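Each chain, letter by letter, is given below.
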Amino acid sequence: MIISRRSLFSRILQGLGVSLIVNQHLPVAQAAGEESARDESGPLIVRVTRPFDAETPVREFTSFLTPNHRFFVRSHFGPPPPEAVSEANWKLRVGGLVEGSHEFTLTDLRQMEAVTITAVVQCSGNGRAFHRPKVPGVQWERGAVGNAQWTGVRLRDVLGTAAVQAGARHVQFQGADRPVVASVPLFTRSIPLKKALHPDTILAYEMNGRPLPILHGAPLRVITPGWMADSCTKWLTEITVQADESTGYYMQTAYRLPTTPVEPGASASGQSTPVEAMVVKSLIAAPQEDETVKSGPVAIQGMAWSGEAKVVKVEVSLDEGKTWESARLIGEDHPYAWRQWQLVWNPRTAGTFTILCRATDVRGETQPATSPWNPSGFLWNGWDRVSVTVAL
Ligand SMILES: Nc1nc2c(c(=O)[nH]1)N[C@H]1C(S)=C(S)[C@@H](COP(=O)(O)O)O[C@H]1N2
Ligand SMILES: [Mo]
């Protein structure tokens with residue numbers, strides 16, 4: 001039986017508990033698509049149906065690890081055709097400034113030393129919807145982020161096998177995914193050699209102890225702990241060691257920030273630098289927006305993370321940021337994972353309250369009330385806020 005890409009994809013989506021709206025021109029289907037985009041009762045909040053971009057409802061973040069089927073999904077062109085990433089056909093090629101050229105099968109990689117790293121993966125555009133003035137692009141709110149255990153091999157070990165030559169400064173990644181129209185540039189990314197050789201930068205074939213799901217890059221993806229997810233190339237097939245940054249659109253035009261802050265609403269011009277590390281950030285997972293809580297102890301909880309630094313403090317405010325109270329950091333503590341936190345609140349009057357939170361990392365970086373505006377709406381890390389009603 002021949003399975004079309006679309007039917008395979010809708011099967012994947014069915015597995016995720018979401019339905020694929022196949023024809024955007026049918027008014028009924030379109031209405032249903034808008035419905036599913038708004039409906040927060042499903043496992044994922046769909047932002048774009050084709051390719052499939054969906055975020056995790058924040059209430060899921062009360063668990064330390066984000067389950068694979070609840071993990072946000074983002075890609076520019078959707079997964080490659082199944083045959084391109086089937087274990088029988090798939091190979092990783094390593095070339096460029098290395099001695100000889102090298103090919104690895106999955107069996108080769110599984111025979112190398114395996115490492116497991118718990119790390120946050122977050123889209124640079126997470127929180128884009130909160131920038132003012134509004135910025136075009138996928139209107140991610142709070143859930144284009146997740147925390148998972150990634151198992152694979154050190155990129156350094158793969159490059160070591162291939163022996164990097166003098167003059168190498170950057171490592172380029174290419175996945176097997178292709179745009180529908182050939183004139184659209186490929187999603188080609190590179191990271192500096194220093195990050196590539198860091199012992200915690202890995203090529204992962206497992207996610208939370210399970211084979212990497214196709215939507216998350218099977219059979220192999222890059223994990224750059226502490227860095228934004230646009231460096232975490234999925235469906236990886238080619239690594240090129242080179243002197244310079246990749247020259248393509250996704251490195252030179254997309255995923256860049258103004259080197260010096262710009263006026264809100266200004267167009268992208270002047271010097272820019274690639275998005276790399278994550279910034280300090282926290283979210284309130286419970287209670288939820290618009291929830292009604294009973295007076296008496298209410299557990300306010302959430303998680304906080306930073307780039308290549310640990311979170312040392314999370315604070316909560318119930319008076320629009322005039323005063324802050326420290327939350328308790330709880331649960332597992334790993335360098336690139338998020339940290340869970342909790343604060344017990346005792347509301348004594350009925351009414352509507354706004355809960356704010358902000359995190360501080362070990363370098364003393366604290367979340368600002370609102371993030372610096374930038375033309376692509378990247379790196380939003382303003383205070384998180386949730387409004388709840390207290391009923392006596
Ligand atoms: N090959 C490939 N890798 C990719 C992308 C892509 O379009 N193609 N998108 C990147 C972006 S922008 C994000 S946010 C993450 C999303 O990873 P996830 O779907 O596993 O959450 O994958 C990254 N890796
Ligand atoms: Mo992203």
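The rules behind the values
- Residues numbered from 1 in each chain as written.
- Chains lettered and ligands numbered in written order.
- Predicted model: local features only at pLDDT ≥ 70, side-chain atom pairs only at ≥ 80, totals over all residues.
- Heavy atoms only, no water.
- Helix = DSSP H or I, 4+ residues; strand = E, 2+ residues; numbered from the N terminus.
- Buried < 20%, exposed > 50% of the residue type's maximum accessible area, 1.4 Å probe, protein only.
- Contact = heavy atoms within 4.5 Å.
- Areas by Shrake-Rupley, 256 points an atom, 1.4 Å probe, with all protein chains shown as cover.
- Patch = residues over 30% accessible without salt bridge, like charges linked within 9 Å, V, L, I, M, F, W, Y side chains within 5 Å.
- Salt bridge = Lys/Arg side-chain N within 4 Å of Asp/Glu carboxyl O.
- Polar contact = N/O pair within 3.5 Å; in protein donor to acceptor, adjacent residues only side chain to side chain.
- Near = heavy atom within 4 Å.
- Pairing = 2+ DSSP bridges.
- Axes fitted to C-alpha atoms, helices over the stretch in contact; angles between N-to-C directions.
- Core = buried A, V, L, I, M, F, W, Y, C linked by side-chain atoms within 4.5 Å.
- Phe/Tyr/Trp six-rings, centres within 6.5 Å; stacked < 30°, edge-to-face > 60°.
- Lys NZ or Arg CZ within 6 Å of the ring centre and 35° of its normal.
- 1 Å grid on protein atoms, 1.4 Å probe; cavity = no way out; pocket = protein on both sides within 12 Å on 5 of 7 lines; lining within 4 Å.
- Points joined across faces, edges and corners; volume = space filled by probe spheres on them.
- Nonpolar A, V, L, I, M, F, W, Y, C, P; charged D, E, K, R; others polar.

A. Highlighting the overall build of the chain. When its secondary structure is counted, the chain shows six helices and 23 strands. Considering the chain as a whole, with its 392 residues, one finds that 52% of them fall into the buried category. A fraction of 69% describes how many contacts in the chain between residues 6 or more apart in sequence connect residues 24 or more apart. When the accessible surface of the chain is split by element, carbon and sulfur atoms take 52% of a total near 17400 Å².

B. Quick look at a nonpolar patch on the surface. A cluster of nonpolar residues, Val180, Val181 and Val184, forms a patch on the protein surface that exposes about 280 Å² of accessible area. With respect to the element layout, valine 180 can be found in the loop between strand 7 (170–175) and strand 8 (188–192).

C. Highlighting the side chain of threonine 224. The residue threonine 224 is located in the loop between strand 11 (221–223) and strand 12 (236–242) in this model. Setting aside residues no more than four positions away along its own chain, threonine 224 makes contact with Ile191, Lys195, Thr201, Ser231 and Cys232.

D. Seen up close, the environment of serine 306. Tracing the backbone through its elements, the reader meets serine 306 in the loop between strand 17 (298–305) and strand 18 (311–317). Between the C-alpha atom of serine 306 and that of methionine 278, which follows or precedes it by 28 residues, the distance is 6.0 Å. Reaching out from serine 306, the side chain makes a polar contact with the side chain of aspartate 361 at a distance of 2.8 Å.

E. Seen up close, the site of ligand 1. Residues in contact with ligand 1 amount to 18 residues; listed here are only the nearest, Phe72, Asp177, His216, Arg221 and Lys234. A distance of 2.7 Å separates an oxygen atom of ligand 1 from a polar side-chain atom of histidine 216. The side chain of lysine 234 places a nitrogen or oxygen atom 2.5 Å from an oxygen atom of ligand 1. Summarising the interface, the protein chains cover 100% of the accessible area of ligand 1, which totals 540 Å² for the free molecule.

F. Inspection of the sheet that holds strand 15 (residues 281–286) at higher detail. Read across the sheet, four strands follow the order 15-17-21-20 without closing on themselves; strand pairing throughout is antiparallel. Only two strands of the sheet have a single neighbouring strand rather than two, namely strand 15 and strand 20 (328–330). On average, adjacent strands in this sheet sit at an angle of 35° to one another, irrespective of strand direction. Pairing geometry for strand 20 and strand 21 (residues 339–345), over three bridges, is antiparallel. Looking across to strand 21, one finds that isoleucine 330 is bridged to glutamine 340.

G. Looking closely at the nonpolar core. Core analysis: the biggest nonpolar cluster contains 30 residues, and Leu92, Val94, Leu109, Val158, Leu203 and Ile239 have the highest contact counts within it. Of all the secondary structure elements, the ones that give two or more residues to this core are strand 3 (92–96), helix 3 (106–111), helix 4 (155–162), strand 7, helix 5 (193–196), strand 9 (202–207) and strand 12. With four residues, the top contributor of residues to this core is helix 4. Those residues in contact with isoleucine 239, other than ones at most four positions away along the chain, are Leu92, Arg93, Val94, Gly95, Leu155, Leu159, Val171, Gln172, Phe173 and Leu203.

H. Expanded view of the packing of aromatic side chains. Using the criterion set out here, one finds 13 aromatic pairs in the structure. Measuring from ring centre to ring centre gives 5.2 Å for phenylalanine 187 and tyrosine 250, while their planes differ by 55°; the resulting arrangement is tilted. Separated by 63 residues along the polypeptide, phenylalanine 187 in the loop between strand 7 and strand 8 and tyrosine 250 in helix 6 (residues 249–252) bring together distant segments of the chain. The class for phenylalanine 187 is buried, based on a relative accessible area of 11%. Where phenylalanine 187 meets tyrosine 255, the ring centres are 6.4 Å apart and the plane angle is 90°; that geometry is what we call edge-to-face. Of this pair, phenylalanine 187 sits in the loop between strand 7 and strand 8 while tyrosine 255 sits in the loop between helix 6 and strand 13 (256–258), placing them 68 residues apart in sequence. Of the two residues examined, phenylalanine 187 and tyrosine 255, each falls in the buried class. Put simply, the rings of Phe77, Phe187, Tyr249, Tyr250, Tyr255 and Phe378 touch in pairs and so form one group of aromatic residues. Over the ring of tyrosine 205 we find arginine 110; its NZ or CZ atom is 5.8 Å from the centre of that ring. When the ring centre of tryptophan 324 is taken as reference, the NZ or CZ atom of arginine 358 above it lies at 4.0 Å.

I. Molecular detail of empty space enclosed by the protein. All told, the structure shown has two cavities of 30 Å³ or more when counted by the stated rule. By volume, the largest cavity amounts to about 250 Å³. As for the largest cavity, its lining consists of 20 residues, of which Arg74, Arg221, Ala229, Cys232 and Lys234 are closest to the centre. Class assignment for the residues of the lining of the largest cavity results in 10 nonpolar, five polar and five charged. Counted as a void, the second largest cavity has a volume near 80 Å³. Forming the boundary of the second largest cavity are 13 residues, of which Lys310, Val311, His334, Ala337 and Arg339 lie nearest the centre. Along the lines of polarity and charge, the residues of the lining of the second largest cavity split into seven nonpolar, two polar and four charged.

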